[in-house]
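A structural walkthrough
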Amino acid sequence: MYSVELKQVDKSYDKEQLVVKDVSVTIEPGEFFVLVGPSGCGKSTLLRMIAGLEDITSGSLLIDGKKADHLPPSKRQLSMVFQNYALYPHMTVEDNITFGLDVKKMRKKEKKEKCYEIAAMLGLTDYLKRKPRHLSGGQRQRVALARAIITNSPICLMDEPLSNLDAKLRAHMRSEIRELQRKLGITLIYVTHDQVEAMTMGDRIMVLNEGVVQQVGKPIDVYNTPANPFVAKFIGSPPMNLTTGLVDKNSSKITISKEISIPVDRLVVNDTNSDQVLVGIRPENIKIQEEPSSLDLSFAVTIDHVEILGTETLLKFKWNDDSVWYAKWYGQWDIHVGQTVRLTLDPDSLCIYDGQTEKLLQGPKNIQHQHIREGII
Amino acid sequence: MKSTAEIQEKSINKIDLKWRFIHWRSAILYLLPSIILFSVFLFYPLGKTLYLSFFLTDQQGNANVFVGLENFQYILQAESFHKSIKATILFVLYTVPTGVIISLFLALLANEKIRGVGIFRTIYSSTMGISVAASAVVWLFIFHPSMGILNQLITSIGGTSIDWLLHPDWALVSVSITTIWMNIGFSFLILLGGLQNIDDHLYESAKISGASYFYQLRRITIPMLSPTLFFVITVSLINAFQTFGQVDILTQGGPSESTNLIVYSIYREAFVNYQFGTASAQSIFLFICILIVTILQFKFGERKVHYQ
């Protein structure tokens with residue numbers, strides 16, 4: 001179990017544009033750490049720098065507390081799973097799995113034992129004599145995993161390993177990889193563009209955009225209190241709804257539309273640099289208005305699209321300067337397109353961001369973690 | 001009831017036949033240009049050669065007297081033809097392995113991602129653009145006993161000059177060197193293409209496993225390159241069997257028939273001695289030899305080749 005530490009790491013290919021800017025993070029031993037961001041955000045480059053396949057332009061990399069900037073990939077005690085698996089097409093599954101051990105000149109018998117052990121763990125025993133091209137996508141994926149873990153490296157890097165699989169298999173492999181990591185206790189650094197993978201797999205996630213770290217934290221914290229509008233939009237499906245609001249410093253209110261103004265803490269209002277803010281709310285916190293309350297945050301909209309997913313119903317509508325919003329309700333709702341409904345915002349679930357600096361001014365107050373009391377079945 | 005079913009079946013069969021004919025006709029139409037070209041330039045000359053090999057001919061190459069297999073009997077007993085076969089086999093052994101190994105080496109060098117590697121790629125593949133005659137003349141000067149740069153180099157470092165093209169032991173080696181040099185461009189280009197088709201991730205993965213350069217070469221590059229290598233070896237083999245131009249310009253088959261390769265021997269038989277019958281027999285012999293070698297190569301070589 002090794003830790004990986006990045007200190008002010010920069011990367012530039014052409015000495016002009018930085019593709020990774022000033023990334024500093026400590027990945028704890030045995031942690032499942034996910035790098036997530038849209039394509040081209042530098043997450044794969046960062047991973048390849050940790051692997052030693054790319055040079056670090058400036059900054060430093062520490063593996064297990066030791067400086068590793070200039071170590072060759074083989075000396076960094078890590079294994080890697082590539083997006084296209086990078087299996088050797090001319091070798092059998094067995095040879096593919098044991099390639100790393102061949103290099104280390106392990107004895108034949110020991111090698112075989114180890115291969116069978118790993119193959120049994122991943123359900124590959126029947127396929128050991130086959131060539132990769134005779135395997136399905138999921139089986140190839142497992143071979144790539146087997147090849148990575150057979151070397152017993154304390155660190156494993158994965159570069160979008162599930163993106164070539166179909167949705168069902170992906171969901172299955174997510175839990176399988178997570179369980180494998182827990183069982184082996186390795187430090188796993190996982191790159192993905194899929195926020196669902198990030199949310200469900202990571203102990204901690206790091207959201208990257210254009211080479212800059214946006215937020216690092218536990219998935220649920222990132223979900224509940226996104227550090228800026230980018231993270232709010234990127235994490236969550238459908239994304240967080242955002243709209244602009246005007247700040248009235250005298251009455252400490254934020255006016256979103258003609259109908260709605262939200263009272264906020266005076267301190268929050270005083271923090272703003274501009275008189276514009278971004279107000280965000282998760283789709284599940286938009287409710288249908290049932291009874292008028294003292295604080296009226298309700299508004300009428302025409303529904304553009306309805307998706308009933310069995311357990312939940314997703315509504316799409318345009319509101320306030322034609323920004324597209326979503327509402328997500330538990331259960332199956334019989335609402336049709338074109339219908340006008342009156343919705344209300346939950347005032348305790350709002351995220352308020354500075355209009356200029358895009359910094360979080362106020363997060364939601366009603367984060368509820370539900371616990372199951374032990375012993376009750 | 002039964003009769004209607006029968007009638008239906010029959011009509012279906014009829015329609016089926018009609019469509020089959022239409023498909024067949026369009027297939028032939030598509031094939032026609034190739035059939036015409038191959039017939040004029042390949043099948044007709046091949047047939048004619050086979051025909052001539054059974055005859056004695058006059059000076060214009062017209063078939064005169066049917067002699068059956070006598071032409072073949074004659075060439076198989078002729079000492080000069082034995083010599084020619086021996087020279088050809090030696091020539092193939094000299095040129096093919098050496099040429100492929102050198103091109104592979106150059107291709108590996110030129111496949112590295114270094115600045116300015118494009119210049120080297122151009123240089124290494126440039127011999128492809130030079131005609132056989134031109135390069136043979138250049139080598140004629142290089143091999144020249146007194147003025148040639150090769151002998152000047154040898155004497156300048158204290159060696160004794162060699163009669164490259166004039167000594168029976170050296171002439172075949174000299175022609176081989178020229179041939180290797182001329183063929184490198186083609187083999188290099190094909191092998192480089194093959195190398196560049198190999199997925200970089202395989203090497204990255206191997207690097208992380210800690211495989212050394214030569215281990216990667218042995219376990220990844222060569223097996224992944226095997227289809228390309230197989231192709232290059234087959235083509236060079238056939239080319240080596242058919243060498244003519246450089247022999248004609250450098251040695252004209254001499255000295256004492258040491259470089260009288262089969263194709264050159266065929267040419268001399270036909271256009272110097274006007275023995276079109278025996279020349280045709282030699283051609284057929286060469287054709288069969290190349291055919292057998294290529295079949296053998298496909299049979300034994302292909303097992304070791306990995307196709308993706």
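Being a predicted model, the structure only gives us computed values, none of them experimental. (Residues numbered from 1 in each chain as written. Chains lettered and ligands numbered in written order. Predicted model: local features only at pLDDT ≥ 70, side-chain atom pairs only at ≥ 80, totals over all residues. Heavy atoms only, no water.)

**Here we look at the overall build of chain B**
- Secondary structure summary: chain B contains twelve helices and two strands in total.
- The order of helices and strands in chain B, counted from the N terminus, is α-β-β-α-α-α-α-α-α-α-α-α-α-α.
- The C-alpha atoms of chain B give 27 Å as radius of gyration, which overshoots the globular expectation for 308 residues (19 Å, by more than 25%).
- When the backbone C-alpha atoms are referred to their principal axes, chain B occupies close to 105 × 70 × 30 Å.
- A burial count over chain B gives 38% of its 308 residues as buried.
- Put simply, 65% of the contacts in chain B that link residues at least 6 apart link residues at least 24 apart.
- Split by element, the accessible area of chain B, about 18,500 Å² in all, is 68% carbon and sulfur.
- In chain B, 19 side chains carry a positive charge and 16 a negative one; their mean positions are 11 Å apart. (Helix = DSSP H or I, 4+ residues; strand = E, 2+ residues; numbered from the N terminus. Rg over C-alpha atoms; globule rule 2.2 N^0.38 Å. Buried < 20%, exposed > 50% of the residue type's maximum accessible area, 1.4 Å probe, protein only. Contact = heavy atoms within 4.5 Å. Areas by Shrake-Rupley, 256 points an atom, 1.4 Å probe, with all protein chains shown as cover. Lys, Arg positive; Asp, Glu negative; His and termini not counted. Charge placed at Lys NZ, Arg CZ, Asp CG, Glu CD.)

**Some details on the sheet that holds strand β12 (residues 253-255) of chain A**
Residues and elements named next belong to chain A.
- If you walk across this open sheet you meet the six strands as β13-β12-β11-β14-β20-β21, and the pairing is antiparallel. The sheet is open, and its two borders are formed by β13 (261-263) and β21 (360-362), each paired with just one other strand. The sheet shows a mean angle of 35° between the axes of neighbouring strands, taken without regard to direction.
- Here strand β11 (residues 241-248) runs beside β12; their pairing, made up of three bridges, is antiparallel. Of the residues in β12, the one forming a bridge with Val-247 is Ile-254. (Pairing = 2+ DSSP bridges. Axes fitted to C-alpha atoms, helices over the stretch in contact; angles between N-to-C directions.)

**Observations concerning helix α9 (residues 213-241) of chain B**
- Spanning 29 residues, α9(B) covers only 35 Å between terminal C-alpha atoms, well under the ideal 42 Å at 1.5 Å per step.
- B:Ser226 marks where α9(B) bends most, by close to 60°; the proline B:Pro227 follows one to four residues later. (Expected span 1.5 Å × (residues − 1). Bend = angle between axes of the 7 residues up to and from the residue.)

**A short note on the interface of chain B and chain A**
- Facing 19 residues of chain B, the contacting portion of chain A comprises 23 residues.
- Taking both sides of the interface into account, the surface hidden between chain B and chain A amounts to around 1,800 Å²; carbon and sulfur atoms contribute 65%.
- Three residues, B:Glu204, B:Ile208 and B:Arg219, lead the burial of chain B against chain A; their summed loss comes to 33% of the area buried on that side.
- A salt bridge links A:Asp102 to B:Arg219, with the shortest nitrogen-to-oxygen separation between them at 3.1 Å.
- Between the two partners, chain B and chain A, sit seven residue pairs in polar contact (both at pLDDT 80 or more). (Buried area = accessible area lost by both parts, 1.4 Å probe. Salt bridge = Lys/Arg side-chain N within 4 Å of Asp/Glu carboxyl O. Polar contact = N/O pair within 3.5 Å; in protein donor to acceptor, adjacent residues only side chain to side chain.)

**What about the domain arrangement of chain B?**
- Each assigned domain of chain B is listed here: domain 1 (2-52) and domain 2 (80-304).
- For domain 1 of chain B and domain 2 of chain B, the distance between their C-alpha centroids amounts to 42 Å. (Domains from an automatic or database assignment.)

**Concerning the pairing of strand β10 (residues 212-217) of chain A**
Residues and elements named next belong to chain A.
- Of the pairings in the sheet, the one linking strand β9 (residues 204-209) to β10 comprises five bridges and is antiparallel in character. Along β10, the bridge assignment pairs Val-207 with Gln-215.
- Counting the residues that bridge the hairpin from β9 to β10 gives two residues, and of these Glu-210 lies at a positive phi of roughly 50°.

**What about the side chain of A:Asp10?**
Residue and element names in this part refer to chain A.
- Take Asp-10: it is sitting in strand β1 (residues 4-12).
- Buried charge without a partner: Asp-10 forms no salt bridge, and the closest opposite charge is Lys-21, 8.8 Å away.
- At 2.5 Å, the side chain of Asp-10 forms a polar contact with the backbone nitrogen of Asp-22.
- Excluding anything up to four places from it in sequence, Asp-10 contacts Leu-18, Val-20, Lys-21, Asp-22, Met-49, Ile-56, Thr-57 and Ser-58.

**Some points on the nonpolar core**
Residue and element names in this part refer to chain A.
- Within the largest apolar cluster, 87 residues are counted, with the highest numbers of intra-cluster contacts made by Leu-46, Phe-99 and Leu-157.
- Every residue in contact with Leu-157, bar those within four places of it in the chain, is listed here: Leu-47, Ile-50, Ala-51, Leu-78, Ser-79, Met-80, Val-81 and Ile-189.
- Ala-148, Leu-165, Met-173 and Met-201 belong to the second-largest nonpolar core, a separate cluster that totals 42 residues. (Core = buried A, V, L, I, M, F, W, Y, C linked by side-chain atoms within 4.5 Å.)

**Details of the sheet that holds β9(A)**
Residues and elements named next belong to chain A.
- The six strands lie next to each other as β6-β7-β8-β3-β9-β10, forming an open sheet whose pairing is mixed. Only two strands of the sheet have a single neighbouring strand rather than two, namely β6 (78-81) and β10. Direction aside, neighbouring strands of the sheet carry axes that sit 15° apart on average.
- Relative to strand β7 (residues 155-159), β6 runs parallel, the two being bridged by four bridges. Its bridge partner lying in β7, Leu-78 is registered against Ile-155.

**Describing the packing of helix α3 (residues 79-110) of chain B against α9(B)**
Residue and element names in this part refer to chain B.
- Where α3 meets α9, the axes come as close as 10 Å, and the angle between the chain directions of the two elements is 140°. Relative to α9, α3 is oriented oblique. With respect to the hand of their crossing, α3 and α9 are arranged in right-handed fashion. Taken together, the residues of α9 that come into contact with α3 (itself represented by Thr-88, Phe-91, Val-92, Thr-95, Val-96, Val-100, Leu-104 and Leu-108) are Tyr-213, Leu-217, Thr-221, Ile-222, Leu-225, Leu-229, Val-232, Ile-233, Ser-236, Leu-237, Ala-240 and Phe-241.
- Of the residues contributing to the contact of α3 with α9, the split by class is 16 nonpolar, four polar and no charged. (Parallel < 35°, antiparallel > 145°, perpendicular 65-115°, else oblique. Left-handed = near helix turned anticlockwise from the far one by under 90°. Nonpolar A, V, L, I, M, F, W, Y, C, P; charged D, E, K, R; others polar.)

**Topic: the pattern of salt bridges**
- Applying the stated criterion across every chain yields a total of 17 salt bridges over all chains.
- When the shortest N-O distance is used, the salt bridge between A:Glu54 and A:Arg48 registers 3.1 Å. Exposure class is identical for A:Glu54 and A:Arg48. Each is buried.
- Three or more residues joined by partner-sharing salt bridges are found here, namely A:Lys11, A:Arg48, A:Glu54 and B:Glu204.

**Some details on a nonpolar patch on the surface**
All names here are of chain B.
- Taken together, the side chains of Phe-21, Trp-24, Ile-28, Leu-29, Leu-31, Leu-32, Ile-35, Ile-36, Leu-37, Val-40 and Phe-41 make up a nonpolar region of the molecular surface, amounting to roughly 1,100 Å² of accessible area.
- Relative to the helices and strands, Phe-21 is located in helix α1 (residues 2-52).
- Looking at Phe-21, the relative accessible area reads 46%, which means it is partly exposed. (Patch = residues over 30% accessible without salt bridge, like charges linked within 9 Å, V, L, I, M, F, W, Y side chains within 5 Å.)

**Regarding the packing of helix α11 (residues 262-271) of chain B against helix α12 (residues 276-301) of chain B**
All names here are of chain B.
- At a closest axis distance of 7 Å, the pairing of α11 and α12 adopts a crossing angle of 160°. By the angle between their directions, the pair α11 and α12 is classed as roughly antiparallel. For the pair α11 and α12, the crossing hand works out as left-handed. Counting all contacts with α11, which are made through Ile-262, Val-263, Ser-265, Ile-266, Glu-269, Ala-270 and Phe-271, the residues of α12 involved are Phe-276, Thr-278, Ala-279, Gln-282, Ser-283 and Leu-286.
- Of the residues belonging to the contact of α11 with α12, the class tally is eight nonpolar, four polar and one charged.

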